[in-house]
Amino acid sequence: NAGVTQTPKFRVLKTGQSMTLLCAQDMNHEYMYWYRQDPGMGLRLIHYSVGEGTTAKGEVPDGYNVSRLKKQNFLLGLESAAPSQTSVYFCASSYGLAGEASRNEQFFGPGTRLTVL
Amino acid sequence: RKEVEQDPGPFNVPEGATVAFNCTYSNSASQSFFWYRQDCRKEPKLLMSVYSSGNEDGRFTAQLNRASQYISLLIRDSKLSDSATYLCVVNHEKLTFGTGTRLTIIP
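As a starting point, this report considers the structure included with it. Being a predicted model, the structure only gives us computed values, none of them experimental. (Residues numbered from 1 in each chain as written. Chains lettered and ligands numbered in written order. Predicted model: local features only at pLDDT ≥ 70, side-chain atom pairs only at ≥ 80, totals over all residues. Heavy atoms only, no water.)

Our focus in this paragraph is the packing of aromatic side chains. Counted under the stated rule, the structure contains eleven aromatic pairs over all chains. Seen in terms of ring centroids, phenylalanine 108 of chain A and phenylalanine 97 of chain B are 5.9 Å apart; in terms of plane orientation they differ by 80 degrees. Their pairing is edge-to-face. Residue phenylalanine 108 of chain A is located in strand S10 (residues 107-108), and its partner phenylalanine 97 of chain B is located in strand S10 (residues 95-97); the two belong to separate chains. Under the relative-accessibility criterion, phenylalanine 108 of chain A is labelled buried at 7%. Judged by relative accessible area, phenylalanine 97 of chain B falls into the buried class, the value being 6%. An aromatic cluster of three or more residues is present, and its members are Tyr33, Tyr35, Phe90 and Phe108 of chain A together with Tyr36 and Phe97 of chain B. (Phe/Tyr/Trp six-rings, centres within 6.5 Å; stacked < 30°, edge-to-face > 60°. Helix = DSSP H or I, 4+ residues; strand = E, 2+ residues; numbered from the N terminus. Buried < 20%, exposed > 50% of the residue type's maximum accessible area, 1.4 Å probe, protein only.)

Moving on to the sheet that holds strand S3 (residues 19-25) of chain B. Residue and element names in this part refer to chain B. With antiparallel pairing, the five strands of this open sheet are ordered in space as S1-S3-S8-S7-S6. Where the open sheet ends on each side, the last strands, each with one partner, are strand S1 (4-6) and strand S6 (55-57). Recorded for the sheet is a direction-independent mean angle of 20 degrees between the axes of neighbouring strands. With six bridges joining them, strand S7 (residues 60-65) and strand S8 (residues 70-75) adopt antiparallel strand pairing. Among the inter-strand pairings, phenylalanine 60 is bridged to a residue of S8, identified as isoleucine 75. (Pairing = 2+ DSSP bridges. Axes fitted to C-alpha atoms, helices over the stretch in contact; angles between N-to-C directions.)

The interface is formed by 17 residues belonging to chain A together with 19 residues belonging to chain B. The tally of links between chain A and chain B comes to zero salt bridges. Linking chain A to chain B there are two residue pairs in polar contact (both at pLDDT 80 or more). Across the side of chain A that touches chain B, the residue classes tally to nine nonpolar, six polar and two charged. (Contact = heavy atoms within 4.5 Å. Salt bridge = Lys/Arg side-chain N within 4 Å of Asp/Glu carboxyl O. Polar contact = N/O pair within 3.5 Å; in protein donor to acceptor, adjacent residues only side chain to side chain. Nonpolar A, V, L, I, M, F, W, Y, C, P; charged D, E, K, R; others polar.)

Bringing the pattern of salt bridges into the picture now. Inspection of every chain in the model, using the stated rule, returns seven salt bridges over all chains. Note that glutamate 30 of chain A and lysine 71 of chain A form a salt bridge whose closest N and O atoms lie 2.9 Å from each other. Of the two residues, glutamate 30 of chain A sits in the loop between strand S3 (19-25) and strand S4 (31-37) while lysine 71 of chain A sits in the loop between strand S7 (65-67) and strand S8 (73-78), which places them 41 residues apart along the sequence. What makes glutamate 30 of chain A partly exposed here is its relative accessible area of 33%. Of the charged contacts, one joins aspartate 77 of chain B and lysine 79 of chain B as a salt bridge, the two residues approaching to 2.9 Å between their closest N and O atoms. You can call aspartate 77 of chain B partly exposed: its relative accessible area is 38%. Within the structure, one salt-bridge network assembled from shared partners comprises Arg36, Asp38 and Arg44 of chain A.

Here a disulfide denotes a covalent bond joining the sulfur atom of one cysteine to the sulfur atom of another. Considering all chains together, one arrives at two disulfides over all chains under this definition. Disulfide partner of cysteine 23 of chain A: cysteine 91 of chain A, at an S-S distance of 1.8 Å. Taking the torsion about the sulfur-sulfur bond, which here is approximately -75 degrees, the covalent link between cysteine 23 of chain A and cysteine 91 of chain A counts as left-handed. Of this pair, cysteine 23 of chain A sits in strand S3 while cysteine 91 of chain A sits in strand S9 (residues 87-94), placing them 68 residues apart in sequence. The same class applies to cysteine 23 of chain A and to cysteine 91 of chain A, which are both buried. Between the sulfur atoms of cysteine 23 of chain B and its disulfide mate cysteine 88 of chain B the distance is 1.9 Å. Around the S-S axis, the bridge from cysteine 23 of chain B to cysteine 88 of chain B shows a dihedral of about -70 degrees and counts as left-handed. Of this pair, cysteine 23 of chain B sits in strand S3 while cysteine 88 of chain B sits in strand S9 (residues 84-91), and the two are 65 residues apart along the sequence. Of the two residues, cysteine 23 of chain B and cysteine 88 of chain B, both sit in the buried class. (Disulfide = S-S within 2.5 Å.)

Our next topic: the sheet that holds S3 of chain A. Residues and elements named next belong to chain A. Spatially, four strands are ordered S1-S3-S8-S7 in an open sheet, and the strand pairing comes out antiparallel. The open sheet terminates on both sides in strands that have one partner only, identified here as strand S1 (4-7) and S7. With direction set aside, neighbouring strand axes in the sheet form an average angle of 20 degrees. Relative to S8, S7 is paired through three bridges, and the arrangement is antiparallel. When the bridges of S8 are listed, valine 66 appears paired with leucine 76.

Right, here's the structure in full:
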C-alpha cells in the first residue's frame, strides 16, 4: 500500500497563477483533509471531506477550493495564487473523525512545498 | 488563549537522558488526545494516542490530566533517533495541532 501520496512535491508559482494539488489514498478512508503548515504555527485545516462528493471549510479556507469526485482522491485548487499562500501543504486521511481514538489516526502524505513569488 | 499550547523548545538533551514535554488545551470537552512526531521536512506520523489512564509504549509514556487540561509525553533512555518535533494533537469535533516541541538528542 502506498498510503497517502501527493503530487507535486515542489512547485513555484507566480502571483496570480493557478494550480491544483492532488492527493490520493489507497486505504479506503472516508475522511480526507488539506492542511497548511507555516513556521511557528501548527498545522491549520484548510478544507476537509467526510466522503465522496462532500467538502467542508476548515479553519483557513479563503483562496482555496477543493473537490472530492472519487473517494480516493482529494484535490486542492488555488485559483489565483498569492505570496501569502507560500507554505507546505499536507494532505491526510482517516477512517473516522470522532469517537474511538484508534479511528482518529490521520495518515499524512509527504507534503507539497509551494512558493508563490 | 490558544486551543493547544506547547513549549516550542528547542530541548537539547544528552543521549540516554529522560525528557518530558507538556501540552495544555483550552476546551474541556475535548475527547481524545495524541502525540505525533514530525521529522525535519517530513510529514507528521502518529506516535501514540493518550488514554485517560495513561499509557506506555516502550520508552514512551503519555499521560492525560483532564482536571488541569494538559497531556504529557515522557521519553526515557533517549536515543539519537528521537530527535524530531513532537506535536500535541487534541480532538474536539476536529483535530487541533499544537505548534510542536523540537527535541534534539546530543551524542
